[in-house]
Amino acid sequence: MKFSILSIFLWLVFVSLFGQSRLTTSFNSHWSFNKSDIVLASQESYDDSSWNIVSLPHTWNDKDVLPDGDRGYYRGVGWYRKHISIPDNKLSKRFYLHFEGAGQLLKLYVNGELVGSHIGGYSAFTFDITKFLREGDNVLAIRLDNTPNSDIAPLSADFTFFGGIYRDVFLIETDPVHFEMLDYGSSGIYIQTPKVSQNSSSVKVKGTVRNDSDTNKKIDVKVSVYDGSHVRVAQIQKKLKIAAQDQSVFELSKSDLQNIHLWSPKSPNLYTAEVQVLDNGKVLDEVIEKFGFRWFHFDAKEGFFLNGKPLKLMGANRHQDYWGLGNALSDDLHRSDLQLLKQMGGNFIRLAHYPQDPAVLGAADELGLLVWEETPLVNEVTLSQQHDDNAEVMLKEMIRLHYNHPSVILWGYMNEIYWAHRFLSDTIVDKHTEATVALAKRLEKVAREEDPDRYTAMALHNYPLYEESGLDEIPMVVGWNLYHGWYYDTYEGFGRFMDVQHK
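Bear in mind the structure is a predicted one, so any value in this text is a computation, not a measurement.

Colleague: Residue-level account of the overall build of the protein, with values.
Modeller: Helix and strand counts for the protein stand at seven helices and 27 strands. Over its C-alpha atoms the protein spans a radius of gyration of 24 Å, differing by no more than 12% from the 23 Å that the globule rule assigns to 503 residues. Seen through its C-alpha atoms, the protein measures out along the principal axes to roughly 70 × 65 × 45 Å. Surface exposure of the protein reaches about 23900 Å², of which carbon and sulfur atoms provide 51%. The average position of the 50 basic charges and that of the 66 acidic charges among the side chains of the protein differ by 6 Å.

In structure tokens form, the structure reads like this:
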């Protein structure tokens with residue numbers, strides 16, 4: 001299709017006059033960086049002119065992981081600083097800083113004031129920086145720490161715990177009336193397909209609208225659903241009344257959608273939900289989410305079924321790092337891994353062992369790869385309330401952030417969690433077992449409440465305590481990480497082990 005310069009100009013004018021109020025800007029370029037802990041670096045007046053200039057994604061461990069003769073790598077503090085200018089006519093807007101991921105303990109300062117902190121290296125998160133900004137120049141400072149911390153998973157694993165702002169960052173500007181921005185790093189919009197069949201389907205869209213203005217508002221929420229050819233297949237609208245400085249939850253649904261194209265590995269058909277907040281026809285805010293129509297189930301005897309048909313799941317695990325780059329990858333590199341798996345004939349990927357970049361989930365949707373995604377609880381747990389609370393937050397962040405992806409079929413929350421038991425003293429091993437089982441039950445409950453439509457999962461290794469403690473009975477699906485003929489036993493032992501487990 002060809003467009004003339006005039007048509008493009010008219011389209012841009014149309015968007016500027018009638019388009020959504022939300023403005024999302026890449027915030028990746030020209031950060032000042034220093035790999036050390038500097039007490040005064042949070043202050044607005046601090047001189048960072050001698051620091052290195054970097055662009056995101058960035059990690060300070062891209063060159064020091066496993067160098068010759070030294071197996072150590074830097075685990076400590078790094079600082080990032082950046083200036084942002086806010087025009088006077090923008091001060092009535094709301095401003096948010098959205099991080100797709102940073103490793104692993106982050107504190108954000110604006111003009112010397114602490115905005116907030118985030119714990120965990122693999123989930124997205126968002127800060128409201130509105131009240132900290134002023135007209136003209138503003139200074140953002142970020143203290144990031146990947147020092148080993150017994151309250152932050154993973155505690156140990158066979159992969160590197162990189163430090164740095166290693167995923168994209170965005171500055172998001174909204175109207176005072178907008179969709180919820182501080183919902184565990186998610187878009188705040190959740191799409192369900194309660195009824196899906198070959199003949200007809202339904203869709204349900206849920207979310208929250210916030211009114212951060214000083215006046216009561218009467219607004220409309222409108223959902224438009226488009227197929228892959230951008231043909232509108234559904235439109236739903238609802239009126240809301242929201243008091244000043246308050247919020248309102250909404251739910252819109254449409255049933256009996258006909259001639260829906262189902263999502264599958266062979267035909268990864270995607271639909272687009274355009275969700276808008278309207279004030280007398282004017283778009284105040286807009287979120288666009290991709291989703292798909294499919295249904296699936298696991299059967300202990302027959303295996304996995306997608307859209308009513310049996311499907312053998314074949315694929316691989318995937319980590320997010322590259323030689324020479326660490327984990328600071330471009331979206332293209334993330335997508336290329338999934339493209340290779342698809343070209344190999346795979347239809348399934350396990351994202352080991354942590355939530356991964358949005359580009360990974362988007363590629364899985366587009367390519368038709370089914371996904372097991374999991375939180376970074378690997379090898380062991382810490383006996384502390386803070387550790388368990390952090391683990392629950394990580395699970396909620398993962399589920400809410402990637403809720404709308406049709407590729408995701410399994411939420412995992414532990415991997416070989418008894419691996420470190422062999423190193424524990426006999427005096428504390430029972431306490432660790434009890435704490436692990438209790439945490440698993442807690443996380444299972446959270447996952448079922450957050451998303452009752454998907455299955456939960458856990459990966460175990462060849463160790464009898466999983467069965468003895470009942471841990472293997474908690475998730476809906478169990479995966480076994482087995483190394484017969486490699487770490488132990490013979491290759492033929494693999495089949496015998498699986499037959500016993502299946503029985």
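That shown, we press on.
Colleague: A description of unusual backbone geometry should follow, citing residues and the corresponding values.
Modeller: Cis geometry marks the peptide bond from L56 to P57; its omega dihedral reads 0 degrees. By the secondary structure assignment, P57 is in the loop between β3 (52-54) and β4 (77-86). Along the chain, G103 connects to Q104 via a cis peptide bond; the corresponding omega equals -5 degrees. Summarising the element assignment, Q104 is placed in the loop between β5 (94-99) and β6 (105-110). Phi is positive for Y184, which is not a glycine, with a value near 55 degrees.

Colleague: How would you summarise the sheet that holds strand β2 (residues 31-34) if you had to cite specific residues and measurements?
Modeller: Read across the sheet, six strands follow the order β3-β2-β4-β9-β6-β7 without closing on themselves; strand pairing throughout is antiparallel. In this open sheet, the two edge strands, each paired with only one partner strand, are β3 and β7 (113-119). Strand-to-strand twist of the sheet, defined as the mean angle between neighbouring strand axes without regard to direction, takes the value 25 degrees. Alignment of β2 against β3, held across three bridges, turns out to be antiparallel. When the bridges of β3 are listed, F33 appears paired with N52.

Colleague: Explain helix α2 (residues 331-343) to me, using residue names and the numbers behind them.
Modeller: End to end, α2 covers 18 Å across 13 residues, agreeing with the expected 18 Å (1.5 Å per residue, within 8%). Within α2 the residues assigned to the buried category are H334, S336, D337, L338 and L341. Here the buried face of α2 lies against β22 (315-318), β23 (348-351) and α3 (358-367). Following α2 by one or two positions, G345 adopts a phi angle in the positive range, close to 100 degrees.

Colleague: Requested: an account of the packing of α2 against α3, with residues and values cited.
Modeller: At a minimum axis distance of 9 Å, the contact between α2 and α3 shows a crossing angle of 35 degrees. Crossing hand, α2 versus α3: right-handed. Facing α2, whose interface residues are D331, H334, R335, L338, Q339 and K342, α3 presents A359, V360, A363, A364 and L367. When its residues are assigned to classes, the contact of α2 with α3 shows six nonpolar, two polar and three charged.

Colleague: Please provide a residue-by-residue account of the environment of D62, values included.
Modeller: With respect to the helices and strands, D62 occurs in the loop between β3 and β4. Spatially, the C-alpha atom of D62 lies 8.2 Å from that of F162, the residues being 100 residues apart in sequence. Excluding its chain neighbours within four sequence positions, the residues that come into contact with D62 are G324, L325 and G326. At 3.0 Å, the side chain of D62 and the side chain of K63 are in polar contact.

Colleague: Before we move on, could you go through the sheet that holds strand β10 (residues 169-174) and cite the residues and values that matter?
Modeller: Reading across from one edge, β1-β10-β5-β8 is the order of the four strands in this open sheet, with antiparallel pairing throughout. Strands at the two margins of the open sheet, each flanked by one partner only, are β1 (23-26) and β8 (125-128). The sheet shows a mean angle of 25 degrees between the axes of neighbouring strands, direction not considered. Where β1 and β10 come together, four bridges link them in antiparallel fashion. Residue pairing in the sheet places S26 in a bridge with F170 of β10.

About the thresholds
- Residues numbered from 1 in each chain as written.
- Predicted model: local features only at pLDDT ≥ 70, side-chain atom pairs only at ≥ 80, totals over all residues.
- Heavy atoms only, no water.
- Helix = DSSP H or I, 4+ residues; strand = E, 2+ residues; numbered from the N terminus.
- Rg over C-alpha atoms; globule rule 2.2 N^0.38 Å.
- Areas by Shrake-Rupley, 256 points an atom, 1.4 Å probe, with all protein chains shown as cover.
- Lys, Arg positive; Asp, Glu negative; His and termini not counted.
- Charge placed at Lys NZ, Arg CZ, Asp CG, Glu CD.
- Pairing = 2+ DSSP bridges.
- Axes fitted to C-alpha atoms, helices over the stretch in contact; angles between N-to-C directions.
- Expected span 1.5 Å × (residues − 1).
- Buried < 20%, exposed > 50% of the residue type's maximum accessible area, 1.4 Å probe, protein only.
- Contact = heavy atoms within 4.5 Å.
- Left-handed = near helix turned anticlockwise from the far one by under 90°.
- Nonpolar A, V, L, I, M, F, W, Y, C, P; charged D, E, K, R; others polar.
- Polar contact = N/O pair within 3.5 Å; in protein donor to acceptor, adjacent residues only side chain to side chain.

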